[in-house]
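Listed below are the residues making up each chain.
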Amino acid sequence: MSTAPQVATHTDPADQAHPAVGAATSLLDAYAPGDHFLATPGRTLLARGPGLEVPHDERPLTARVDAALASAVAAGQKAPVVMGAIPFDHTAPAALSVPGSVRGAPPLASDPLVALPASAPSAGDWRIRQVPEPEIYGKGVAAAVERMWRGEFSKVVLARTLELTSDAPLDLPAMLQRLARRDPSGYTFALPTGPGRTLIGASPELLVSRQGARVVANPLAGSTPRSPDLAEDVRRAATLLESVKDLHEHAVVVDAVHQALAPYCAELTVPARPTLIRTATMWHLSTTVTGTLASPDASALELACALHPTPAVCGTPTQTARQIIAETEPFDRGFFTGMVGWGDADGDGEWVVTIRCADAEERTLRLYAGAGVVAASEPEAETAETAAKFRTFLSAVGAEL
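Residues numbered from 1 in each chain as written. Predicted model: local features only at pLDDT ≥ 70, side-chain atom pairs only at ≥ 80, totals over all residues. Heavy atoms only, no water.

Within an unreviewed UniProt entry, the label attached to the protein chain reads isochorismate synthase, and the organism entered is Streptomyces violaceoruber.

Given below as structure tokens:
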């Protein structure tokens, strides 16, 4: 029998003050390859069992998802949810399904047992190939900056990848444990994307959530690496808050989010200045946009599709940025900079920007990291930023660049 995700919300303050010890970490411990696992600041979900795949056809994605949820209800499933991943290219097939069963729990961060350390990665040998090489990536950044100075566009996000190969099969449950326990307040996921393939990661960025009439988006843009030295770490955070280049990059993204959500909302609150959020490896400029829906018909997925892709992962103007990405990046992004999440038949749900992630298959991991390039960007700085972002996943597998 399916359990509705509402059991995982626990929005009552009394519930949050007295969470069930071990409820969330037990779902983390129960994950096995092929399951759908998603942990957010609001809930922890583990889904498994035969379900209904959302087909890829000419209908809009939202219509296909609505039809799959309706079919699950008609088949007797109680409060079904759709879970999975949507690629960067919205015309490419998504990996979405309505699982046969869903177990829910409070957020990982509310479970005291999440503070217990995960087992350290085994000392395995990883063969690492950088695609493209840092020098080639830097040249791509420089070429984009030159075109921006000519007035062709305002911003583009350029990514690179690391291909990690091991002699031993990948231990996905152990990787997920390390990712989740290192940043339990973020968005940690492990989702099947095809036979023997898993999208796994820990994203800091909420694209959009909807609960009833309440809408929240949390765009991030403008970043700097953390430092193990406390004084230096604080200095970097303060510098980021005053960086003209990063504040401009962030403002472009927030404005795009505002413009995309405004038609759906009766009211929308957009703070004038960003704040900071931190992960284990990065500081990010962050703005929390909140709103009230004008109509209950707009689902979380519809809002997410209206936002995707934001300038934080693509650039602006969008079509020009997409073209430059296709011309510059020597790989297919796949699900990287797409979105992962869940939604229910009432339209509630959470969709997260797919960053700090890897495609896992047999003995191979493909890691992704990108940096926002604007006219003030420097190739060396953007290359260093992507290297810092790789650290989230490299530390989870015991590899070094």
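That covers the picture; the talk isn't over yet.
Undergrad: Mind laying out the overall build of the protein chain, listing which residues take part and the relevant values?
TA: Check the secondary structure of the protein chain and you find 10 helices and 22 strands. For a compact globule of 401 residues, the expected C-alpha radius of gyration is about 21 Å, and the protein chain comes in at 20 Å, within 12% of that figure. Seen through its C-alpha atoms, the protein chain measures out along the principal axes to roughly 60 × 55 × 45 Å. Every one of the 401 residues in the protein chain was classed for burial, and the buried ones make up 53%. At a minimum sequence separation of 6, the contacts of the protein chain that also span at least 24 residues come to 75%. As presented, the protein chain carries roughly 16700 Å² of accessible surface, and 55% of it is formed by carbon and sulfur atoms. (Helix = DSSP H or I, 4+ residues; strand = E, 2+ residues; numbered from the N terminus. Rg over C-alpha atoms; globule rule 2.2 N^0.38 Å. Buried < 20%, exposed > 50% of the residue type's maximum accessible area, 1.4 Å probe, protein only. Contact = heavy atoms within 4.5 Å. Areas by Shrake-Rupley, 256 points an atom, 1.4 Å probe, with all protein chains shown as cover.)

Undergrad: Talk me through the packing of helix α3 (residues 61–74) against helix α8 (residues 300–307); I want residue IDs and the actual numbers.
TA: Look at α3 against α8: their axes get within 10 Å of each other, and the N-to-C directions meet at 160 degrees. The angle between α3 and α8 falls in the class roughly antiparallel. Seen along the crossing, α3 lies across α8 with a hand that is right-handed. Two secondary-structure elements touch here, α3 through L61, T62 and V65 and α8 through L301, E302 and C305. (Axes fitted to C-alpha atoms, helices over the stretch in contact; angles between N-to-C directions. Parallel < 35°, antiparallel > 145°, perpendicular 65-115°, else oblique. Left-handed = near helix turned anticlockwise from the far one by under 90°.)

Undergrad: Describe the packing of aromatic side chains, naming the residues involved and giving the relevant values.
TA: Under the defined criterion, the tally for this structure stands at 2 aromatic pairs. Three or more aromatic residues link up through ring pairs in this structure, and these residues are F331, F336 and Y368. Above the face of the F88 ring, R322 is positioned so that its terminal group lies 4.7 Å from the ring centre. Its end group placed over the ring of F88, R333 keeps NZ or CZ at 4.6 Å from the ring centre. (Phe/Tyr/Trp six-rings, centres within 6.5 Å; stacked < 30°, edge-to-face > 60°. Lys NZ or Arg CZ within 6 Å of the ring centre and 35° of its normal.)

Undergrad: Got a sec to walk through the packing of helix α5 (residues 172–182) against helix α10 (residues 379–397)? Specific residues and values, please.
TA: Where α5 meets α10, the closest approach of the two axes is 8 Å, and the angle between their N-to-C directions is 130 degrees. With respect to α10, the element α5 is oriented oblique. Crossing of α5 against α10: the hand is right-handed. Within the contact between the two elements, α5 uses M175, R178, L179 and R182 and α10 uses R391, T392, F393, S395, A396 and V397.

Undergrad: How would you sum up the UniProt feature "domain: Chorismate-utilising enzyme C-terminal" (unreviewed entry) in the protein chain? Please name residues and give values.
TA: Per the UniProt record, "domain: Chorismate-utilising enzyme C-terminal" (unreviewed entry) is found at residues 135–389. Helix makes up 34% of residues 135–389 and strand 35%, and the two end C-alpha atoms of the span are 17 Å apart. (UniProt positions renumbered as here; feature names shortened; annotations may be inferred.)

Undergrad: Which residues make up a nonpolar patch on the surface, and what values go with them?
TA: Taken together, the side chains of V21, L113 and L116 present a nonpolar region at the surface, about 270 Å² in accessible area. Positionally, V21 belongs in the loop between α1 (13–17) and α2 (23–30). On the basis of relative accessible area, V21 is assigned to the exposed category, the value being 59%. (Patch = residues over 30% accessible without salt bridge, like charges linked within 9 Å, V, L, I, M, F, W, Y side chains within 5 Å. Salt bridge = Lys/Arg side-chain N within 4 Å of Asp/Glu carboxyl O.)

Undergrad: Which residues make up the pairing of strand β22 (residues 364–373), and what values do they have?
TA: Of all 10 residues in β22, 8 are buried; the element is thus mostly enclosed. Note that strand β8 (residues 155–166) and β22 share 10 bridges and pair antiparallel. Residue pairing across strands places R160 opposite A369, the latter belonging to β22. (Pairing = 2+ DSSP bridges.)

Undergrad: Pulling in residues and values, what's your account of the sheet that holds strand β15 (residues 275–278)?
TA: Strand order in the open sheet formed by 3 strands is β13-β16-β15, with antiparallel pairing between adjacent strands. The open sheet has two edge strands with one neighbour each: β13 (220–225) and β15. Across the sheet, the mean angle separating the axes of adjacent strands is 30 degrees when strand polarity is ignored. Sheet topology note: the β13/strand β16 (residues 282–286) ladder contains 4 bridges and is antiparallel. Bridging across to β16, T224 finds its partner in W283. Against the sheet, α10 engages β13 and β16, with an angle of about 90 degrees to β13.

Undergrad: With reference to specific residues and values, describe the pattern of salt bridges.
TA: As enumerated under the stated definition, the model contains 23 salt bridges in all. Between R150 and E146 there is a salt bridge, and its shortest N-O distance comes to 3.3 Å. Among the residues examined, R150 registers a relative accessible area of 53% and is labelled exposed. One network of salt bridges, in which partners are shared, links E146, R147, R150, E152 and E327.

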